[in-house]
Amino acid sequence: MLGTGSYLPDRVVTNAEVAPAAGVTPEWIVRKTQIRTRRFAAPHEATSDLAIAAGVRALEDAGVGPDQLDYLLVATSTPDSPQPPTAALVQKGLAASRAACVDLNAVCSGFVYALAVARGLLAADPGARALVIAADVYSRIIDVADRRTAVLFADGSGAAVLGPAPEGYGVLEVGLHTRGDAHELIRVPAGGSRRPASPETVAAGEHWFTMDGHAVRDFVLEEVPPAIDALLAGAGIPPGLVDHFVPHQPNGNLLDDLVAKSGLDGARTHRTLERYGNVGSACIPVALDEAARAGAIGDGDLVLLAGFGGGMSIGTCLLRWSA
């Protein structure tokens, strides 16, 4: 990981702003989620705009020019439009004309899944460089009256530049898992080939993001700790040796329980949800970038990433940090 970057929109949205429409109080939001503020994109900003901004910062941090990129991957479940790939728009915005581009949708696990794909591409192409960006604009698909989602989700982007790593550094192990039998826990029902957009789907609210919050919580606490255990076992690393834990940021109370159940109390958990809310696939790279820029991660530290989201998907990754 040669460099990181992130971008959060300027507009700060407080609990007092979202609470009335959701039928809750600001205090209820803090008690249930630990979130206090979030960021919403400006009317002129789309997912590609957020992605470009994070990509620029990651490239600057890495000292890599856009013309040096071989691959550009954008993880998102809120693309600018169904076609073309948002990654193509990002390529144009960055002037990364040499890069092969692709979008990847694993919802909130997207960044880790994209890292895994980039790792495979780079392993087959020694010396190549890839820019992995995760960006989502959830404020456009949230029903403000649905307290299960309206108080949680927000907008943001994070990025990382990947390239050759010293021996023993970089990505050590990756674990990807999908439970398609649980796919209905998180979804946007309409807008695709099964239920194309129509006056009826719009009137029924089928283009809003929906989530069974209690079932998702159960899924995370039952499925993610074993996935983390399997990843660490594969790398031959006991949980007590993990220095940093950078998880998806869905809900503060859920994160507390996940850390304890995964045996990661000894690791430093990097959190941004209190300020930024749940920014979908961007949660992990945003938190990672903030930690890196603060100098919180030292050379040789072991960093565990864990994403989980719609699909239902789980992505875990173990890095040895090179400062």
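How each quantity is defined
- Residues numbered from 1 in each chain as written.
- Predicted model: local features only at pLDDT ≥ 70, side-chain atom pairs only at ≥ 80, totals over all residues.
- Heavy atoms only, no water.
- Pairing = 2+ DSSP bridges.
- Helix = DSSP H or I, 4+ residues; strand = E, 2+ residues; numbered from the N terminus.
- Buried < 20%, exposed > 50% of the residue type's maximum accessible area, 1.4 Å probe, protein only.
- Salt bridge = Lys/Arg side-chain N within 4 Å of Asp/Glu carboxyl O.
- Domains from an automatic or database assignment.
- Contact = heavy atoms within 4.5 Å.
- Buried area = accessible area lost by both parts, 1.4 Å probe.
- Polar contact = N/O pair within 3.5 Å; in protein donor to acceptor, adjacent residues only side chain to side chain.
- Nonpolar A, V, L, I, M, F, W, Y, C, P; charged D, E, K, R; others polar.
- Arc of directions from axis to C-beta.
- UniProt positions renumbered as here; feature names shortened; annotations may be inferred.
- Axes fitted to C-alpha atoms, helices over the stretch in contact; angles between N-to-C directions.

Looking at an unreviewed UniProt entry, one finds the protein named Ketoacyl-ACP synthase III, with Jiangella aurantiaca as its source organism.

Engineer: Would you mind showing me how to read the sheet that holds strand 8 (residues 170-178) here?
Structural biologist: As a general point, the strands of a sheet are linked pairwise by backbone hydrogen bonds and lie either parallel or antiparallel. Taking strand neighbours across the sheet as the criterion, the five strands line up as 8-14-13-11-12 in an open arrangement whose pairing is mixed. The two strands at the open ends of the sheet, each matched to only one other strand, are strand 8 and strand 12 (268-269). In the sheet, strand 8 pairs with strand 14 (residues 313-320) via eight bridges, with the strands oriented antiparallel. In the strand pairing of strand 14, G170 is matched with R320.

Engineer: I keep staring at the pairing of strand 7 (residues 155-162) and nothing clicks. Help me out?
Structural biologist: Within a regular beta strand, the side chains point alternately toward one face of the sheet and then the other, so they alternate between its two faces. The element strand 7 is extensively covered by neighbouring structure, given that eight of its eight residues are classed as buried. Side-chain alternation along strand 7 places D155, S157, A159 and V161 on one buried face and G156, G158, A160 and L162 on a second face that is also buried. Note: strand 6 (residues 130-137) against strand 7, eight bridges, orientation antiparallel. Counted as the bridge partner of I133 is A159 from strand 7.

Engineer: For this particular structure, what's the right way to read the pattern of salt bridges?
Structural biologist: Between side chains of opposite charge, pairing is possible as soon as their charged atoms come close. Scanning all chains against the criterion turns up 11 salt bridges. In this structure, the salt-bridge partner of R195 is E206, at a minimum N-O distance of 2.7 Å. You can see R195 sitting in the loop between strand 9 (186-187) and helix 7 (199-203) and its partner E206 sitting in the loop between helix 7 and strand 10 (210-211), a full 11 residues away along the chain. Between D289 and R293 there is a salt bridge, with its nearest N and O atoms 2.7 Å apart. In this pair, D289 and R293 both sit in helix 11 (residues 283-293), four residues apart, roughly one turn of the helix. The class of R293 is partly exposed, set by a relative accessible area of 49%. A network of salt bridges, in which partner residues are shared, links R179, D181 and E223.

Engineer: Would you take a moment to explain the domain arrangement of the protein for this structure?
Structural biologist: Think of interface size as the accessible area that goes away when the parts come together; that is how it is often given. For the protein, the assigned domains are domain 1 (3-162) and domain 2 (170-321). For domain 1 versus domain 2, the distance between C-alpha centres works out to 14 Å. Taken together, the contact pairs 47 residues of domain 1 with 46 residues of domain 2. Counting the surface lost from both domain 1 and domain 2, the interface buries some 3600 Å², and carbon and sulfur atoms represent 59% of this. Joining domain 1 to domain 2, the criterion identifies zero salt bridges. Between the two partners, domain 1 and domain 2, sit 29 residue pairs in polar contact (both at pLDDT 80 or more). Secondary-structure elements contributing two or more residues to the side of domain 1 that touches domain 2 are strand 1 (3-7), helix 2 (26-33), strand 3 (37-40), helix 3 (47-62), helix 5 (110-123), strand 6, helix 6 (147-150) and strand 7. Here the residues of the side of domain 1 that touches domain 2 sort into 20 nonpolar, 13 polar and 14 charged.

Engineer: Would you take a moment to explain helix 2 for this structure?
Structural biologist: Each α-helix turn comprises 3.6 residues. Residues three or four places apart therefore point the same way. Within helix 2, burial applies to W28, I29 and T33. For helix 2, the angular spread of the buried residues around the axis is 100°, confining them to a single face. In helix 2, the exposed residues that point more than 90 degrees away from the buried face are E27 and R31. Q34 occupies a position one or two residues after helix 2 and carries a positive phi of about 70°.

Engineer: Before we go on, may I ask you to explain the UniProt feature "domain: Beta-ketoacyl-[acyl-carrier-protein] synthase III N-terminal" (unreviewed entry) in the protein in this structure?
Structural biologist: Annotation from UniProt places "domain: Beta-ketoacyl-[acyl-carrier-protein] synthase III N-terminal" (unreviewed entry) at residues 103-180. For the annotated span residues 103-180, helix accounts for 23% and strand for 35% of the residues, and the straight-line distance between the end C-alpha atoms is 20 Å.

Engineer: Help me out: how do you make sense of the UniProt feature "domain: Beta-ketoacyl-[acyl-carrier-protein] synthase III C-terminal" (unreviewed entry) in the protein in this one?
Structural biologist: The UniProt record annotates "domain: Beta-ketoacyl-[acyl-carrier-protein] synthase III C-terminal" (unreviewed entry) at residues 233-321. From the first C-alpha to the last, residues 233-321 spans 19 Å; its make-up is 31% helix and 25% strand.

Engineer: So what exactly am I meant to see when it comes to the sheet that holds strand 7 here?
Structural biologist: Taken in spatial order, the five strands line up as 1-7-6-4-5 in an open sheet, and their pairing is mixed. Each edge of the open sheet is held by one strand with a lone partner, namely strand 1 and strand 5 (100-104). Averaged over neighbouring strand pairs, the angle between their axes works out to 15° when direction is ignored. In the packing of helix 3 onto the sheet, contacts are made with strand 1, strand 6 and strand 7, and the angle to strand 1 comes to roughly 150°. Across the sheet, helix 11 is in contact with strand 1, strand 6 and strand 7; its angle to strand 1 comes to roughly 120°.

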